[in-house]
Amino acid sequence: MKKKQLNGSPAEVEAAFYDALNRADVEALMALWADDEEVVCVHPGGARLIGHRAIRESWTMLLEHGGLHILPSQLHETHNLMSAVHTVVEGVTAAQGEPQHLVATNVYMKTPKGWRIVLHHVSVAPGAVPAEPPSQILH
């Protein structure tokens, strides 16, 4: 498998993030975070985790039994030269086999090493997975 380029676009970093989650690869996952100790991660229903050590420990525990099989969709993105904010719907299958969905906000900053994650925040969303929104193309 070809290794993802770490200095690519925010979309490439996001794809590498979900790939690492699905493969339960904590090392690859943590390589995508900014070097700044002010990085933040909030898991569904969890506390705010600040810094690499707390974030690494949480992912290590979450992934100790294998990948999470999360499929992000319905990307909404906002970019400028130095930052990007992505919101996605994360489709997952619960332990009972019932599909459910989460909403995630992923924030990226342009660093000397390329685009890196500075925030990953996920919440359980109510109700059924929303339909794909209509295109916002203006004529």
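Calculation criteria
Residues numbered from 1 in each chain as written. Predicted model: local features only at pLDDT ≥ 70, side-chain atom pairs only at ≥ 80, totals over all residues. Heavy atoms only, no water. Helix = DSSP H or I, 4+ residues; strand = E, 2+ residues; numbered from the N terminus. Buried < 20%, exposed > 50% of the residue type's maximum accessible area, 1.4 Å probe, protein only. Contact = heavy atoms within 4.5 Å. Areas by Shrake-Rupley, 256 points an atom, 1.4 Å probe, with all protein chains shown as cover. Arc of directions from axis to C-beta. pLDDT = per-residue confidence, 0-100. Salt bridge = Lys/Arg side-chain N within 4 Å of Asp/Glu carboxyl O.

Identification of the chain as DUF3225 domain-containing protein from [Empedobacter] haloabium is taken from an unreviewed UniProt entry.

Colleague: What should I look at first to understand the overall build of the chain in this one?
Modeller: Counting its secondary structure elements, the chain contains three helices and six strands. Within the chain, the fraction of its 139 residues that count as buried is 37%. Excluding contacts between residues fewer than 6 apart, the proportion of contacts in the chain whose partners are at least 24 apart in sequence is 46%. Approximately 8600 Å² of the chain is accessible, and the part contributed by carbon and sulfur atoms is 59%.

Colleague: I tried to follow helix H3 (residues 52–62) on my own but got confused; where do I start?
Modeller: Helical periodicity: at 3.6 residues per turn, an α-helix aligns residues three or four positions apart in one direction. For H3, the complete set of buried residues consists of His52, Ile55, Ser58 and Trp59. Along the axis of H3, the buried positions cluster into a sector of 135°, meaning they face one direction only. Exposed residues on H3 whose side chains face more than 90 degrees from its buried face are Arg53 and Met61. Tucked inside the fold, the buried residues of H3 contact helix H1 (10–23), helix H2 (26–30), strand E1 (40–42), strand E2 (48–50) and strand E6 (114–124).

Colleague: Looking at this structure, how should I read the environment of Asn22?
Modeller: Residue placement: Asn22 occurs in helix H1. The class of Asn22 is partly exposed, set by a relative accessible area of 25%. Filtering out sequence-adjacent residues up to four positions away, Asn22 remains in contact with Gly67, Leu68, His69 and Ile70.

Colleague: In this structure, what is going on with the confidence of the model for the chain? I would like to understand it.
Modeller: One rule of thumb: low pLDDT means the predicted coordinates there are not for detailed reading. For the chain, mean pLDDT is 86; residues scoring 70 or higher make up 81% of the total. Per-residue pLDDT stays below 50 along residues 1–5; that stretch engages in four contacts with residues further than four places along the chain or on separate chains.

Colleague: Where do I start with the pattern of salt bridges in this structure?
Modeller: Where side chains of opposite charge bring their charged atoms close, a pairing between them can arise. In the structure shown here, the tally under the stated rule is five salt bridges. With a shortest N-O distance of 3.1 Å, Asp35 and Lys113 are connected by a salt bridge. Taken together, the positions of Asp35 in the loop between H2 and E1 and Lys113 in the loop between strand E5 (99–111) and E6 put the pair 78 residues apart, joining distant regions of the chain. Given the relative accessible area of 55%, Asp35 is considered exposed. Each member of the salt-bridge network shares a partner with another, and the members are Asp19, Arg23 and Asp25.

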